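Coordinate analysis (summary)
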Amino acid sequence: MIRIFFATLVVGASFLSARIVGSDATIRSAIVKVYTVVKTPNYQLPWSSTIQQVSGSGAVIEGRRILTNAHVVANHTFIEVQRYGERHRYIAHVIAVSHQLDLALLRVDDPDFFEGITPLSFGPLPQIEQKVSVYGFPMGGDTLSVTAGVVSRIEHQRYVHSGESFLAIQIDAAVNPGNSGGPAISGGKIVGVVMEGIQKAQSISYLVPTVMIRHFLKDLQDGRLDGVPAFAALVQPMENPALKRHYHLSPKAGGVLVDKVLDLGGLKGILRVGDVITAIDGHPIQEDATAAFRSGEYTNYEYYAQLHQIGEKVHLRILRDGKPMQIDAPLLKTASDLLLTGTYRYDRMPEYYILGGYVFSPLTRNLAVRVARSYIQLIPYVEDFVSKKHKNIPLLLRVLPSPISRGDYATMYWPIAKVNGKAIHSFEELVAILEKAKTGETVLENKMGERIVIDNVAARKYQQTILKRYNIEYDRSVDLRKKKTEEIKR
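Residues numbered from 1 in each chain as written. Predicted model: local features only at pLDDT ≥ 70, side-chain atom pairs only at ≥ 80, totals over all residues. Heavy atoms only, no water.

Here we take up the environment of Arg294. Topologically, Arg294 is positioned in strand β19 (residues 290–294). Along the primary structure Arg294 and Leu234 are separated by 60 residues, whereas in three dimensions their C-alpha atoms are 25 Å apart. Of note is the side chain of Arg294, whose polar atom sits 3.2 Å from the backbone oxygen of Leu125. (Helix = DSSP H or I, 4+ residues; strand = E, 2+ residues; numbered from the N terminus. Polar contact = N/O pair within 3.5 Å; in protein donor to acceptor, adjacent residues only side chain to side chain.)

We now examine the nonpolar core. The biggest cluster of nonpolar side chains holds 48 residues, and the ones touching the most others in it are Leu67, Val81, Phe113 and Phe216. Among all residues touching Val81, those that are not within four sequence positions of it are Lys33, Val34, Ile66, His88, Arg89, Tyr90, Ala92, Leu106, Val108 and Phe113. In terms of nonpolar packing, the next biggest core, distinct from the first, is built from 44 residues, Val132, Leu167, Ala184 and Ala305 among them. (Core = buried A, V, L, I, M, F, W, Y, C linked by side-chain atoms within 4.5 Å. Buried < 20%, exposed > 50% of the residue type's maximum accessible area, 1.4 Å probe, protein only. Contact = heavy atoms within 4.5 Å.)

The next point concerns the pattern of salt bridges. For the structure on display, the rule yields 15 salt bridges. With its nearest N and O atoms 2.8 Å apart, the salt bridge here joins Arg107 to Asp109. Judged by relative accessible area, Arg107 falls into the partly exposed class, the value being 34%. Across the pair Arg153 and Glu155 runs a salt bridge, and its minimum N-O distance is 3.9 Å. (Salt bridge = Lys/Arg side-chain N within 4 Å of Asp/Glu carboxyl O.)

All right, on to unusual backbone geometry then. Of note, the phi angle at Asn75 is positive, near 60°, even though the residue is not glycine. Tracing the sequence through the fold places Asn75 in the loop between α2 (70–73) and β6 (76–83). Look at Asp321: it is not a glycine, yet its phi comes out positive at around 55°. Structurally, Asp321 is set in the loop between β21 (313–320) and β22 (323–330).

Here we have 4 strands laid out as an open sheet, ordered β23-β24-β25-β26, and antiparallel in their pairing. Of all the strands in the sheet, the pair left with one neighbour each is β23 (353–355) and β26 (414–415). In the sheet, β23 pairs with strand β24 (residues 358–362) via 3 bridges, with the strands oriented antiparallel. By the bridge assignment, Tyr353 is partnered in β24 with Phe360. (Pairing = 2+ DSSP bridges.)

If you want it as structure tokens, here you go:
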């Protein structure tokens, strides 16, 4: 099953106008088209990128803000917005973006843009079979399009943009590229924001529900976006009868079994391996790891943790060695904080460091999803977690052919376990070692014991020649250049 975004690649073609069906003038005036120039990084060649223009939709909400998808403005260099019924474009800027929830807020500094617009407000979580109208600027036309449908399902789904799972609304309205970021309206209020659909499926698309939009807006009230907390323990459902008996549960009891408590998640000493969590914030957990969010409607039990803000606590009922207990578990980290490769990165260029044509980079999820199937040595790292020692995975990303790297050309996506016989645990640690390597040799080693040796003197002697040959302007990424400049100033 392949899911796709509903942002449109702008190619300069002109289309026939789309038909507007049953839309209200007040609602129409608050719908905008978003044009974004995007600089997309290349994680395999981290010094390079591509430029393209995409378009999506958005809606004006209170506070003179425009609500849209994060993926409509991700990696942006320039944004314009266009009001319904007008041809003039206004320059827009990003106020805040949650790549987790695929949501973004934009502002327009020109006060004329908001003249005559009544901001849209938010409604409650809709009911199954409730009618909705989707507003936006999809492909197939230049003017506003409105399509109608009903809510067909509400449950946790994987958000394509972040790769994380949150509550989502499935609808059957016709939605196409360009609808991304547009509102789904019911009863005159926003009930969700269009984010993605399933390729080759008939009328299956998904909305970010208002319950998650409100979380995003509340998070921003202190001027800082902390994100949606992750429940920092790995659990398994308890559907098997023998498993239930072993952990002192009755045949019809529900709950989830704690398999691992993550080192840096804040739950060490609070939860233990072997605990059975039976309820979260007063909501019983079913044997399939779901909890009811409404009568007869269930979704992943982590929904109740995700309703909290970072720094808050979630109340748990547990069984420990068969004895009932109640605990308050702090929610301190997001998924990106806990995963060894993080979650998908946006709005920044990849980190890299080059020494004599040997290109180094941390293993990121952006890179791993592209190459892990071909380089299976990377797969164990993709779902692993950070620890006090292990912050990320340093890679020998590739080797640029030159007289000093003969025999190493085929080496790519090579995880580094040791440098000069000493274990290393992060890309930052690797860079610090390479920066000091002025003489002698640097010996890199992977977990299998294979070695690559770099002649430090030759590497520095031919560095500029190699960079020039491959048309690479800098030997390191912008973040490392800034760090080096700051160190020189100190």
